[in-house]
Structure formats: structure tokens, C-alpha cells
Amino acid sequence: MKSFINDNFLLQSDFAKTLYHDYAKPLPIIDYHNHLSPQQIAENTTFENITQVWLYGDHYKWRAMRAYGINEKYITGNASDKDKFLKWAEVVPYTLRNPLYHWTHLELQRYFGVKDLLTPENAESVYEKTSEILNKSTHTTCGLLEQQNVESLCTTDDPIDDLKHHKHIAESDKKVSAFPTFRPDKAYAVADSKAYIDYIKSLENVVDFRITTYDNLLSALENRIDYFDAHGCKLSDHGLEQLNHFSNKKYDVSKLFASVTSGKNLSKEEVQFFRAETLLALGKFYHKKGWTQQLHLGPIRNNNKRLLKQLGPDTGFDSIGDFSQAVGLSGFLNALDSTDQLAKTIVYNLNPADNEVFATMVGNFNDGNIKGKVQFGAAWWFLDQKDGMEKQLNTLSNLGLLSCFVGMLTDSRSFLSFPRHEYFRRILCNLIANDVVNGELPNDEKWLGKIVSDICYNNAKNYFNFK
């Protein structure tokens, strides 16, 4: 029986151990999609305790705590940080076989040297020990990133952001590079006319001109794309249930803009058309800049309306949706490709039933000009676990080229989440090594070590071209 989370955790053969320890483990991390705070990086924030860095904003843990019957007071409520941690420690032993069990103990080991399993019995001592360590200079936000060998990361930022924190980071002597990502979801969120009008006013204040027409809106967005590009941005990101594509111009998008900004509500199909047209326009801007566009498709958000009203969005009430994806995705990519304006693109799916759909769709639009131009993205959100990662890797291997994959990301709000790269690297090395053990791949350490190194680091380095 193997011990839990030892040096060879998840590595089932000697060849897997070699691939991981000699090729994957030493490589820096490029985390090209997360939700970390650029302000906390710029200010090199010190956290008072582990709850602040570990439980604040972590809806993965919140969902588990609710499932176990923990009162909301100890999750997002007004309980003390210590009491919230003690309640989380009650839940941890019962998260077995959930990725949280692995992540929790990996993070305690990697950042704090805590090798004991977290239980209610040792929770108080772990809280005190980790809080003491977090107040050291080695465990500020930048210290935590340096410990995990994070070379560069990309935050997620609204077009109206002034990016002052990214500028500060770029001008400092910090070892990690932090780049913005352009996330313009609110620029086409016209289902709520009142919220949309408020957003347009905010955008007007940033670009310093009136936005009274749809053309003005596109000019404002291009203005912000130029601004983001000047601050090192190389990626955009879009969170969508699905892509909609209209083969004919069923509506006049300028008239739709005029209607919604006058306070009128659009129909569901009009909302879809407006979003589709705006995404196509944005896609052309991204191509012009040489950016990569990321499309996160598939969640059904805010399912619990009672708790949404009480706690707000992004608090743990989203799930996998079963939206039709293939036709809209094909139409969107084809519309941009037909005029040779398709940017580098990464498509992430949330429903595992769509793995093969996404993996085959991206292959339609790789035209030989850029290695891995259109990517089937890493296992995302609910699929970001051992089984989900293996299924994504196997699907990509079967239907595309695993060797061109740009690898893992954290998609996290926590500065303690970077062992997820280690988790992915161990799973990847074990998967490839199993094929060697079974005689399905040649026993060629140098060649397979190169493939592993490319997936873990080199492909992303070359694909995004951060400077």
C-alpha cells in the first residue's frame, strides 16, 4: 500500500517517475487564465491567516461545505476567519475522492510543510502554524508565486479596468510577470437593459467619448483593446453558455443597440443576435492584434435564485449545462476563417459529453499557419479533476495532436492553487508512461520527455509570446 501524497503521488511506474521528476517538475509555470487579484500582486499582499488566502472566494470549497450541512454563517457569513477554517477542517475528511481532498493536502504540504491530514483534531494547530508562516516575507502574494516557480500569469479584466496594478507590476522588480486578459462579457450583456445602460456609461467615462451608436460601441471596444495591448495583453476571454451564429442578418444590430440603450427589453433571439455580431467584430480585432481568444462554453449559472438574491453571483450555484454547441461553434469559427480573420483560439467545454465535439471542431480550423492555432482547451471547472483531465487528454490524443497542447491553467481566485499544475503534470506523465509500459508507445525517454516539456511549458511559451 502506497503512502498518501508522497514524492511519487499519482505516478504508477518508474517511467512515469522519470518523466515527471526529470522533465515536468523543474519547468516554470505559465498560468494563462486565472482570476487572481492584480492589486494583491502589485501590493505584495500579506494575508493574516489561511482563511483569507484559501477560503475567501473559493466556491469549490463552499459547495462542499454546504453539501456537508455547514451553516452559511461559516461559509460566506460573518463568522470569524478562524471559525470558518475550523468548519472547513470538519468537512475535509469527508471530501475523499473529490479533487478537493487532493488539492487541500497538496497545498498544505507545498506551501506550509504540513504533511498531516487535516482533521478537526489538528485544525486549530494547523490554523495557527499556517497563519504564522503567512506573515513571513516568503509567503506574501509574490512569495507564494515564486515558491511555485510561476513565471507569468494572466488575470481576467473588464475593458473598463485602468490596469494600473499591471503597470505597477511591469515597472517593478517582481520576478513574476502578470498580464491582463480582456474579458468584455458586459459589453454584449444586453438581456438586462438597465444594467447595460449603466455599463455603457462606465465605458464612456473610460474612453472619454459618447457611445450613442453601435459603431461608437465598437470604436470604444477597439480603443480598450489598444490600451490593453499596450499593457502587455495577449488574450481575450469570454464566458458563454453557447455560441449563437446567424447565417443571415435577421436583425439590424444598430437598431438593437438603440433599443436597449433607450431602456427597451430585447427578445431572447435579439439578445443572441446582438451577442453573436459583437463577438464576430471582437474576433476580428483580436486577429488584428495577434491575440488569442478564449471561449469558455457550457455553464448554466445562478441556478438557485433564492441564494443568488441572498449572496450574489459566483458563490457556488453554477453547474454543467446541456446546450447545443456544434452548429454555433462551427458557424462562429467559419465566419471569421472565411475572411482569414480567425485569431488563435482556445475553446473550453464544461459538459464532458461534448469532448469529442469540441476536439473535432477545432481541427477543422487549423490551417497550417500556426502550430496548434485552434486548441481544445484544458479540462475546465467541474472537469478540472483527475478523471476529467484524463478524458480531455485522451480525447485530444485520439482526435487531435496532444503534442501541440498548450497545457494547464488554474482558473482560480486563490494564490494557493498553483499545485494544480503539479497535479496536471503528474497525471500527464503517468498517462504517457502507461502507454510505454503497455507497449503502446516506444520506450524513448528523451523524445517523450520533450513532448512532456512542450505540453507543460514550451508550447504555451511559444504560443502566447509574452514579453
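Up top is the structure.
Source: prediction; values computed, not measured. (Residues numbered from 1 in each chain as written. Predicted model: local features only at pLDDT ≥ 70, side-chain atom pairs only at ≥ 80, totals over all residues. Heavy atoms only, no water.)

Enquirer: Just checking my understanding: could you explain the packing of aromatic side chains for this structure?
Expert: Both the distance between ring centres and the angle between the ring planes are used here to describe each pair of aromatic rings. Counted by the stated rule, this structure contains 26 aromatic pairs. With a centroid separation of 6.2 Å and an interplanar angle of 80°, the aromatic rings of F4 and F9 are classed as edge-to-face. Among the residues examined, F4 registers a relative accessible area of 37% and is labelled partly exposed. Aromatic side chains Y286 and W291 sit 5.7 Å apart centroid to centroid with 15° between the ring planes, which places their arrangement in the stacked category. Take Y286 and W291: they sit in the same class, and that class is buried. Each residue in the set Y32, F179, Y463, F464 and F466 is aromatic and connected to the rest through ring pairs, giving one cluster. (Phe/Tyr/Trp six-rings, centres within 6.5 Å; stacked < 30°, edge-to-face > 60°. Buried < 20%, exposed > 50% of the residue type's maximum accessible area, 1.4 Å probe, protein only.)

Enquirer: Looking at this structure, I do not really get the sheet that holds strand 10 (residues 374-376). What am I missing?
Expert: Across a sheet, strands are paired by hydrogen bonds formed along the backbone, either parallel or antiparallel in direction. Across the sheet, which stays open at both edges, the five strands sit in the order 4-5-6-9-10 with parallel pairing between neighbours. The open sheet terminates on both sides in strands that have one partner only, identified here as strand 4 (181-182) and strand 10. Across the sheet, helix 13 (residues 268-289) is in contact with strand 4, strand 5 (235-240) and strand 6 (292-297); its angle to strand 5 comes to roughly 165°. Strands strand 6, strand 9 (344-349) and strand 10 of the sheet are contacted by helix 16 (residues 355-363), whose axis makes an angle of about 165° with strand 10. (Pairing = 2+ DSSP bridges. Helix = DSSP H or I, 4+ residues; strand = E, 2+ residues; numbered from the N terminus. Contact = heavy atoms within 4.5 Å. Axes fitted to C-alpha atoms, helices over the stretch in contact; angles between N-to-C directions.)

Enquirer: Got a minute to help me understand the environment of F382 in this structure?
Expert: Relative to the helices and strands, F382 resides in the loop between strand 10 and helix 17 (386-399). The class for F382 is partly exposed, based on a relative accessible area of 25%. Not counting the four nearest positions on each side in its chain, F382 is found in contact with R63, D318, S319, I320 and L350.

Enquirer: What's the story with the packing of helix 13 against helix 15 (residues 326-337) in this structure? I'm lost.
Expert: Packed helices, taken two at a time, are described by their axes: the angle between them and the distance between them. Where helix 13 contacts helix 15, the two axes come as close as 10 Å, and the packing angle between them is 45°. Looking at the two axes, helix 13 sits oblique to helix 15. Seen from above, helix 13 lies across helix 15 with right-handed handedness. Contact with helix 13, carried on its side by L279, L280, G283 and K284, involves F332, A335 and L336 of helix 15 and no other residues of that element. Here the residues of the contact of helix 13 with helix 15 sort into five nonpolar, one polar and one charged. (Parallel < 35°, antiparallel > 145°, perpendicular 65-115°, else oblique. Left-handed = near helix turned anticlockwise from the far one by under 90°. Nonpolar A, V, L, I, M, F, W, Y, C, P; charged D, E, K, R; others polar.)

By themselves, these are just geometric observations and shouldn't be taken as functional.
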